Amino acid sequence: MGDAEVQSIHVHPVKAFRGFAPREAVVEPWGLAGDRRWTLIDDGGKVVTQREQPRLALAAAELLPGGGIRLSAPGRTPLTVRVPEPAETVPTSVFGTKVEAVPATAAAHAWCSAFLQADVRLVHMDDPATRRPVDPAYALPGETVGFADGYPLLIAAAASLDALNRLIAEGTHAHEGPLPMNRFRPNVVVSGTAAWAEDHWSRVSVGEVVFRVAKASGRCVVTTVDQDTAARGREPLFTLARHRKVGTRLIFGQNLVPLTPGTIRIGDPVRVLE
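Residues numbered from 1 in each chain as written. Predicted model: local features only at pLDDT ≥ 70, side-chain atom pairs only at ≥ 80, totals over all residues. Heavy atoms only, no water.

A.B. asks: Before we move on, can you summarise the overall build of the chain with the specific residues and values?
C.D. replies: When its secondary structure is counted, the chain shows 3 helices and 19 strands. Its C-alpha atoms give the chain principal-axis dimensions of about 50 × 40 × 35 Å. The contacts in the chain between residues at least 6 apart in sequence include a share of 69% that link residues at least 24 apart. When the accessible surface of the chain is split by element, carbon and sulfur atoms take 52% of a total near 11900 Å². Positive and negative side-chain charges of the chain, numbering 30 and 29 respectively, have mean locations separated by a distance of 4 Å. (Helix = DSSP H or I, 4+ residues; strand = E, 2+ residues; numbered from the N terminus. Contact = heavy atoms within 4.5 Å. Areas by Shrake-Rupley, 256 points an atom, 1.4 Å probe, with all protein chains shown as cover. Lys, Arg positive; Asp, Glu negative; His and termini not counted. Charge placed at Lys NZ, Arg CZ, Asp CG, Glu CD.)

A.B. asks: I'd love a proper account of the packing of aromatic side chains, names of residues and values included.
C.D. replies: Inspection of the entire model under this criterion finds 4 aromatic pairs. Aromatic side chains phenylalanine 184 and phenylalanine 252 sit 4.0 Å apart centroid to centroid with 25 degrees between the ring planes, which places their arrangement in the stacked category. Residue phenylalanine 184 is located in the loop between α2 (158–169) and β13 (188–191), and its partner phenylalanine 252 is located in strand β17 (residues 249–258); the two are separated by 68 residues in the primary sequence. Each member of the pair phenylalanine 184 and phenylalanine 252 is classed as buried. Ring-pair connections join several aromatic residues into one group, and the members of that group are Phe184, Trp196 and Phe252. One Lys or Arg, lysine 215, reaches over the ring of tyrosine 138 and ends 5.4 Å from the middle of that ring. (Phe/Tyr/Trp six-rings, centres within 6.5 Å; stacked < 30°, edge-to-face > 60°. Buried < 20%, exposed > 50% of the residue type's maximum accessible area, 1.4 Å probe, protein only. Lys NZ or Arg CZ within 6 Å of the ring centre and 35° of its normal.)

A.B. asks: Just give me the short version of the pattern of salt bridges, but keep the residues and values in it.
C.D. replies: Scanning the model with the defined rule gives 9 salt bridges in all. For arginine 131, the salt bridge goes to aspartate 126, with nearest N and O atoms at 2.9 Å. Accessibility expressed as a relative area gives 27% for arginine 131, which makes it partly exposed. Judged by relative accessible area, aspartate 126 falls into the partly exposed class, the value being 34%. Here arginine 212 ties to glutamate 143 by a salt bridge, and the two come within 2.6 Å at their closest N and O atoms. Within this pair, whereas arginine 212 is found in strand β15 (residues 209–218), its partner glutamate 143 is found in the loop between β11 (121–124) and β12 (153–157), the two being separated by 69 residues in sequence. The residues arginine 212 and glutamate 143 share a single accessibility class, namely buried. Salt bridges linked by common partners bring Lys15, Arg51 and Asp149 together as one network. (Salt bridge = Lys/Arg side-chain N within 4 Å of Asp/Glu carboxyl O.)

A.B. asks: Break down the sheet that holds strand β7 (residues 69–73) for me, with residues and values.
C.D. replies: As summarised here, the arrangement of the 3 strands in space is β6-β7-β8, forming an open sheet in which the pairing is antiparallel. Of all strands in the sheet, those bounded by a partner on one side alone are β6 (60–63) and β8 (76–81). Taking each pair of neighbouring strands and ignoring which way they run, the sheet shows an average axis angle of 20 degrees. Bridge analysis of β6 against β7 gives 4 bridges, and the strand direction is antiparallel. The residue bridging alanine 60 from the neighbouring strand is serine 72, located in β7. (Pairing = 2+ DSSP bridges. Axes fitted to C-alpha atoms, helices over the stretch in contact; angles between N-to-C directions.)

Structural data, given as structure tokens:
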């Protein structure tokens, strides 16, 4: 694969909010430390994402020492939210899977509800080691995940985005491109590969950490949300449907599960082991 390496790392403390790009991140069994340990739920307990609320793209969450977060959004005074004390949990539904989570403060619920102009609550996953298993169709025994869509990490190749943007430029909605990588909300972006090389990986090392590739990432309407304006378009789904359709899924990036602990850093070599 040549000189493939980590180009960037992305942590999203609250699912569907804007994240941040640290120079390094600790890899825990269920994902990058601090990644998607918080989420919003509606009054029925269902997780709220940019699928229903594209405006979430404009809200940001900064990770604080100890796992707390600082929320910010246009027109809102920033709010610091501490990790809630162990308390009675509330049932949360993540794409049909029931997960117990701990509610944040009333102030956090009010802040998020006012921003979205919808009744939502902010909840925290207190124990990712036990709360939510990875989809058993693609998991090894004991693998768990936080509030990410389905798997601990998502990896994407910069060359694949370049190839996709070339296809978009040739298509009906060329005016929407080129798209930035943040449309796909990956945890790790890799440079120095061929386009779509990640389709053929089954086990990789990123620096000192070994991962297995669980499955390709099927993409949804969130990728059509401009992460700077919250406006929706047709791309990249229109082009993925023409060029990257496998069964019913539109593919971009690969889902990873850590096999070893460690820390990943920008510039770390990425090696294909299988």
